[in-house]
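# Chains, contacts and geometry: an overview
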Amino acid sequence: MSAERFSQLKHAVLEKAFNICVKCCDSAFNFLFYLPCGGEKSFRRRCTKFASLIAGDWILDVCCGTGELTAVIARQGFTAQLVGVDISESALEIARTKTQHIPVTFLRASADNLPFGSSRFDKCFISFGLHHMPEQERQKTLTEIHRILAPEGT
């Protein structure tokens with residue numbers, strides 16, 4: 001089996017696994033973060049505050065899942081462009097419903113092969129995505145994030 005075919009099969013299996021659990025993950029994450037952080041939304045607001053978002057930022061949310069963090073960012077209104085990417089179309093469908101009246105773009109894409117030009121984004125978020133990946137894919141994802149970030153990007 002070729003490496004490319006193996007990679008395609010691996011992504012297909014991951015997508016099916018995420019599609020099965022995507023419907024319950026919002027509730028599970030909220031429960032998981034409730035005690036130490038005051039809930040998932042509070043945790044995500046803290047993350048965006050830490051990132052020091054400024055007006056006009058181009059922001060990418062990698063492995064955005066059901067769009068919880070993307071929606072928190074969007075509601076702050078700082079962004080010139082906000083894009084969420086995830087491998088699961090089912091998760092993206094949920095994300096789109098959360099941000100129906102907010103200017104956000106969601107794309108199906110693999111984190112280790114982002115469909116953007118180099119130095120395009122000012123900020124990039126990735127939460128709860130890296131731990132799912134094997135080491136080689138994780139390294140390629142981090143390389144991709146570095147590639148799409150502007151020279152002063154974070």
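Residues numbered from 1 in each chain as written. Predicted model: local features only at pLDDT ≥ 70, side-chain atom pairs only at ≥ 80, totals over all residues. Heavy atoms only, no water.

### Topic: the overall build of the chain
To keep things clear, this is the line we draw: Numbering of helices and strands runs from the N terminus; a helix is a DSSP stretch of H or I covering at least four residues, while a strand is a stretch of E covering at least two. Between buried and exposed lies partly exposed: a residue is buried under 20% and exposed over 50% of the maximum accessible area for its type, with that area taken using a 1.4 Å probe on protein chains only. Any two residues having at least one pair of non-hydrogen atoms within 4.5 Å are treated as being in contact. Exposure was quantified through the Shrake-Rupley algorithm and a 1.4 Å probe, taking into account, for residues, occlusion by the shown protein chains and nothing else.
Helix and strand content of the chain: 5 helices and 4 strands. When the helices and strands of the chain are placed in sequence order, the string is α-α-β-α-β-α-β-β-α. Out of the 154 residues in the chain, the part that is buried amounts to 42%. Once local pairs closer than 6 in sequence are excluded, the contacts in the chain between residues at least 24 apart make up 65%. In the structure as shown, the chain presents an accessible area of about 8,800 Å², 60% of it carried by carbon and sulfur atoms.

### A few points about a nonpolar patch on the surface
For clarity, the threshold we go by: To count toward a patch, a residue needs a relative accessible area above 30% and no salt bridge. Like charges then connect within 9 Å, nonpolar side chains (Val, Leu, Ile, Met, Phe, Trp, Tyr) within 5 Å. Here, a salt bridge means any Lys or Arg side-chain nitrogen found within 4 Å of an Asp or Glu carboxyl oxygen.
Among the surface-exposed residues, Met 1, Phe 6 and Leu 9 lie close enough to one another that they form a single nonpolar patch of about 350 Å² accessible area. The topology assignment puts Phe 6 in helix H1 (residues 3-37). The class for Phe 6 is exposed, based on a relative accessible area of 52%.

### Focus: unusual backbone geometry
Positive phi outside glycine occurs at Cys 63, with the angle close to 55°. Along the polypeptide, Cys 63 turns up in the loop between strand S1 (57-62) and helix H3 (68-76). For Cys 63, a relative accessible area of 19% gives the class buried. One non-glycine residue, Ser 119, adopts positive backbone phi at about 55°. By secondary structure assignment, the location of Ser 119 is in the loop between strand S3 (105-108) and strand S4 (123-126). According to the relative accessible area criterion, Ser 119 is partly exposed, its value standing at 40%.

### Remarks on the environment of Asp 112
Looking at the element boundaries, Asp 112 is found in the loop between S3 and S4. Here Asp 112 falls in the buried class, since its relative accessible area comes to 10%. Taking the C-alpha atoms as reference points, Asp 112 and Leu 142, 30 residues apart in sequence, are found 7.7 Å from one another. The contact partners of Asp 112, leaving out residues within four places of it in the chain, are His 11, Glu 137, Lys 140, Thr 141 and Glu 144.

### What to know about H3
Counting buried residues in H3 gives 7 out of 9 residues, a clear majority hidden from the surface. Burial in H3 covers these residues: Glu 68, Leu 69, Thr 70, Ala 71, Val 72, Ile 73 and Ala 74. Gly 77 lies just past H3 and shows a positive phi near 75°.

### Quick notes on helix H4 (residues 89-98)
Filter applied, for reference: The directions from the helix axis to the C-beta atoms form the arc being described.
Regarding H4, the residues found buried are Ala 91, Leu 92, Ala 95 and Lys 98. All buried residues of H4 fall inside an arc of 110° around its axis, so they share one side.

### Considering the pattern of salt bridges
All chains considered together, the criterion is met by 5 salt bridges. The salt bridge partner of Glu 135 is Arg 138, with a shortest N-O separation of 2.8 Å. Of this pair, Glu 135 and Arg 138 both sit in helix H5 (residues 135-148), 3 residues apart, which is roughly one turn of that helix. Owing to a relative accessible area of 23%, Arg 138 belongs among the partly exposed residues under this scheme. Of the charged contacts, one joins Glu 144 and Arg 147 as a salt bridge, the two residues approaching to 2.9 Å between their closest N and O atoms. Of the two residues, Glu 144 and Arg 147 are both situated in helix H5; the distance of 3 residues between them amounts to about one turn of the helix. Since its relative accessible area comes to 10%, Glu 144 is described here as buried. A relative accessible area of 25% places Arg 147 in the partly exposed class.

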